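Fold and contact review
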Amino acid sequence: MRHRIAVVGGGPGGLTFARVLHRHGYPVAVLERDSAPDSRPPGGTLDLHEGLGQLALEKAGLVAEFQALSRPEGQAMRILDTAGTVLRDWRPGPDERANPEIDRGQLRDLLLGSLDVRWGREVARVVPEAGDGVVVHFADGRQETFDLVVGADGAWSRVRPAVSPVTPQYTGVTSVETSLDDVDTRHPDLARLIGDGSVAVYGVNRSLVAQRNSGGHVKVYVKFRAPLDWHADVDLADVEAARSSLLALFDGWAAPVLDLLGHGGAFVHRPIFVLPESHTWAHVRGVTLLGDAAHLMPPLGAGANLAMLDGAELAESIAADPDDLDGAVGAFEERMSARAGRWARITTAGLERLVSPDPADAVALFDEVQRS
Ligand SMILES: Cc1cc2nc3c(=O)[nH]c(=O)nc-3n(C[C@H](O)[C@H](O)[C@H](O)COP(=O)(O)OP(=O)(O)OC[C@H]3O[C@@H](n4cnc5c(N)ncnc54)[C@H](O)[C@@H]3O)c2cc1C
């Protein structure tokens, strides 16, 4: 039986869903707000875990391509204290492939392949009809009806209200991101500090992480506890004003660490919002959610992995029982929410320890994760 299936959002979760469903021979309409794949910067690098994102790529038949693009050496991690003393310097062994890194743009292109995405299709809301079908209302006024609409449209999902009234809440931790280009030639000292992977520095209720992407590009993230409007008096679009307010927040940290902020370009504010750890909803026929739309959690290296595995498993569930679409979706929702709940608790506790009054807690967390 052929169903009319749409996925809203062409992020890691939506694209993996579409790829795996296609692999099983089922068509799906991918409705994406962006006007083109490269209409905005794709973001930093993602580490894909063996039992999560890598498993999803296996289900999509993309393991060989991923191995060719990914950077196992990017798993390297150095931890400094705020005086610049090296506390940990972990490097992966030659066969260590538990969490290799891949640039978000490369992952997107890999998943896109020959998928037929409908770009520039911003969804405003979805409305399950009393009879059959779910109506997708687009921002430009158009409408289209499907048998199943999958909300893979991220933190501020427009599909979510069809199943749940819950909205993301601010964690009290905010993040600002900047980046450096051509680090090996333009900033060789910083390139050495960062190494092949990441360097992280933990202070009291603050952290700074610099992470190497491919092509000599580096993303620098600072996190700190602050009210949502901490920047009310600072125009973050003014690069020098943003820089000096951040340097003031990290005053007293070692000069080479502060150089990472000193050389950064534009500063992007990303306050950390989450959905409740136990977010679930009563099953609604014809609509479901996956990825951040279903279980937004602190950005501790799990969100894209979970979104991809959600997408792969929902597609497999549908392909395994195409005559019972509703049952296949319900079974997926149970499995997803159990897994997401576990990860939400892990990442919420992790954020508390990484941006903590006691910086030793962050180092202890690293030791625990590295051991397991
Ligand atoms: C700084 C940072 C670093 C991170 N690092 C990692 C990491 O290393 N590993 C990891 O696993 N996770 C990481 N994450 C988390 C990860 O980015 C997210 O969990 C992941 O992107 C979620 O995927 P998704 O497909 O659910 O949603 P998204 O990636 O948010 O994709 C949603 C898509 O939906 C589209 N969309 C939105 N609204 C609409 C609409 N109304 N109509 C149509 N389309 C719409 C968007 O344009 C987008 O393409 C990080 C997050 C941050 C902020």
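Up top is the structure.
Per-chain numbering applies: the sequence of each chain, read as written, is numbered from 1 onward. Only residues with pLDDT of at least 70 are given local features in this predicted model, and only at 80 or more are side-chain atom pairs given and counted; all residues enter the totals for whole chains, interfaces and linings. Think of the side-chain values as coming from all heavy atoms in the structure, minus any hydrogens and water.

Describing the nonpolar core
- Grouping buried Ala, Val, Leu, Ile, Met, Phe, Trp, Tyr and Cys residues that are joined through side-chain atoms within 4.5 Å yields what is termed a nonpolar core. Exposed residues in this analysis have more than 50% of their type's maximum accessible area, buried residues have under 20%, and partly exposed residues fall in between, with area computed by a 1.4 Å probe over protein chains only. Counting 65 residues, the largest nonpolar core has Phe-17, Leu-31, Val-126 and Ile-318 as the members making the most contacts within it.
- Looking at this core, the element that brings in the most residues is helix α10 (residues 303-320), giving nine residues.
- Should any heavy atoms of two residues lie within 4.5 Å, those residues are considered in contact. If near-sequence neighbours (up to four positions away) are discounted, Ile-318 is found in contact with Ile-5, Phe-17, Leu-21, Leu-148, Leu-325 and Ala-328.
- By size, the runner-up hydrophobic cluster in this structure holds 30 residues, among which are Val-183, Ala-242, Trp-253 and Phe-267. We count a stretch as a helix when DSSP gives it H or I for four or more residues in a row; a strand needs E for two or more, and each element gets its number in order from the N terminus.

Quick look at the sheet that holds strand β7 (residues 117-118)
- A strand pair is defined by DSSP finding two or more bridges across the two strands. Spatially, β7-β2-β1-β11-β19 is the arrangement adopted by the five strands of the open sheet, whose pairing is parallel. Unpaired on one side and paired on the other, β7 and β19 (287-289) mark the two borders of the sheet.
- Examined bridge by bridge, strand β1 (residues 5-8) and strand β2 (residues 29-31) share three bridges and lie parallel to one another. Residue Val-7 lies in a different strand from β2, and its bridge partner there is Val-30.
- Sheet contacts for helix α1 (residues 12-23): β1, β2, β7 and β11 (148-151); angle to β1, the most-contacted strand, approximately 155°.
- Only the stretch in contact is used when fitting a helix axis, every axis being a line fitted to C-alpha atoms; angles between N-to-C directions are given from 0 to 180 degrees. Sheet strands in contact with helix α11 (residues 325-354) are β1, β11 and β19, and its direction is about 25° off that of β19.

Describing the pattern of salt bridges
- Salt bridges are counted wherever a side-chain nitrogen of Lys or Arg sits within 4 Å of a carboxyl oxygen of Asp or Glu. Applying the stated criterion to the full structure yields 22 salt bridges.
- Asp-140 is the salt-bridge partner of Arg-142, the closest N and O atoms lying 2.8 Å from each other.
- Arg-142 sits in the partly exposed class, given a relative accessible area of 45%.
- Asp-140 sits in the partly exposed class, given a relative accessible area of 47%.
- Put simply, Arg-285 and Asp-326 hold a salt bridge, and the shortest N to O gap is 3.4 Å.

So, the environment of His-231
- As for its placement among the helices and strands, His-231 is situated in the loop between β16 (218-225) and α7 (239-249).
- The exposure class assigned to His-231 is partly exposed, which follows from its relative accessible area of 23%.
- Between the C-alpha atoms of His-231 and Val-176, which are 55 residues apart in sequence, the distance is 11 Å.
- Residues in contact with His-231, not counting those within four places in the same chain, are Leu-236 and His-269.

Re the pairing of strand β10 (residues 143-146)
- As paired strands, strand β9 (residues 134-138) and β10 are joined by four bridges and run antiparallel to one another. Its bridge partner being in β10, Val-135 is matched across the sheet by Thr-145.
- Linking β9 back to β10 in an antiparallel pair, the connection comprises four residues, with Gly-141 at a positive phi of about 100°.

Points about α1
- Expected helix span is computed as 1.5 Å times (number of residues minus one). Its 12 residues give α1 an end-to-end C-alpha distance of 16 Å, which sits within 8% of 16 Å, the value for a rise of 1.5 Å per residue.
- Among the 12 residues of α1, nine are classified as buried, and the element is accordingly described as predominantly covered.
- Gly-13, Gly-14, Leu-15, Thr-16, Phe-17, Ala-18, Arg-19, Val-20 and Leu-21 are the residues of α1 that are buried.

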